[in-house]
Amino acid sequence: VGTESTRCPIGAKLTLTYDDGESKTLCRYVDSGGTFGANPFPVWFGLANADRVQRLDIVWPSGQRQTLEQPPMDTTICVVEPRRPSS
């Protein structure tokens, strides 16, 4: 969910690093689903026999970067873009 970016952050890049005996990465982008009114969520990562997730790196359309260390496996999580501190 975007806060600095649009609420539906189309174009956000998600890179998941996981371990299944060796470190591997998967990359996904938030997209519109291809049809009018399509819901761009959720973004799925198929991890097969992964032992654990090391981290999820997100580059939001606003350019802001976010990292979640060891996010849970086998579940759906909702990630909210952090708000930048006001000056």
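Just so you know, these numbers come straight off a predicted model, no measurement behind them.

Moving on to the side chain of Glu81. Locating Glu81 in the fold gives a position in the segment after β4 (65–69). At 2.7 Å, the side chain of Glu81 and the side chain of Ser62 are in polar contact. Excluding residues that lie within four positions of it along the chain, Glu81 makes contacts with Val1, Gly2, Thr3, Glu4, Ser5, Trp60, Ser62, Gln64 and Gln66.

Turning next to the pattern of salt bridges. Per the stated rule, a full pass over the model turns up two salt bridges. A salt bridge links Asp20 to Lys24, with the shortest nitrogen-to-oxygen separation between them at 3.2 Å. Since its relative accessible area comes to 31%, Lys24 is described here as partly exposed. A salt bridge links Asp57 to Arg55; its shortest N-O distance comes to 3.0 Å.

What follows covers the pairing of strand β2 (residues 23–29). Pairing analysis gives seven bridges linking strand β1 (residues 13–19) to β2, with the strands arranged antiparallel. Residue pairing for β2: Tyr18 is matched across the bridge by Lys24. Taken together, β1 and the strand that follows it, β2, pair antiparallel across an intervening segment of three residues, in which Gly21 is found at a positive phi of about 110°.

Taken in spatial order, the four strands make up an open sheet running β2-β1-β3-β4, and their pairing is antiparallel. Of all strands in the sheet, those bounded by a partner on one side alone are β2 and β4. Pairwise comparison of adjacent strand axes, ignoring direction, gives a mean angle of 15° for this sheet.

With that settled, the discussion passes to the nonpolar core. Counting 14 residues, the largest nonpolar core has Leu14, Leu16, Phe45, Leu47, Leu56 and Ile58 as its most contacted members. Secondary-structure elements contributing two or more residues to this core are β1 and β3 (52–59).

Definitions and cut-offs
- Each chain carries its own residue numbering, running from 1 in the direction its sequence is written.
- With pLDDT at 70 or above as the cut-off, local features in this predicted model cover only qualifying residues; side-chain atom pairs require 80 or more to be listed or tallied, and sums for whole chains, interfaces and linings still use all residues.
- Only heavy atoms go into the side-chain values, all of them from the structure, while hydrogens and water stay out.
- In DSSP terms, a helix is any run of H or I states spanning at least four residues, a strand is any run of E spanning at least two, and both are numbered starting from the N terminus.
- The definition of a polar contact used here is a pair of N or O atoms within 3.5 Å, where within protein one atom must be able to donate a hydrogen and the other to accept one, and adjacent residues in sequence count solely through side-chain atom pairs.
- Two residues qualify as a contact provided that any one of their heavy atoms is within 4.5 Å of a heavy atom in the partner residue.
- Each salt bridge in this description consists of a side-chain nitrogen of Lys or Arg and a carboxyl oxygen of Asp or Glu lying within 4 Å of one another.
- A simple rule labels every residue: compare its accessible area, found with a 1.4 Å probe on the protein chains alone, to the largest value its type can have, and call it buried under 20%, exposed over 50%, or partly exposed in between.
- Being paired, for any two strands, means DSSP has found at least two bridges between them.
- Angles run from 0 to 180 degrees between N-to-C directions of axes, and those axes are lines fitted to C-alpha atoms, restricted for helices to the stretch in contact.
- To qualify as a nonpolar core, a set must consist of buried Ala, Val, Leu, Ile, Met, Phe, Trp, Tyr and Cys residues joined through side-chain atoms within 4.5 Å.

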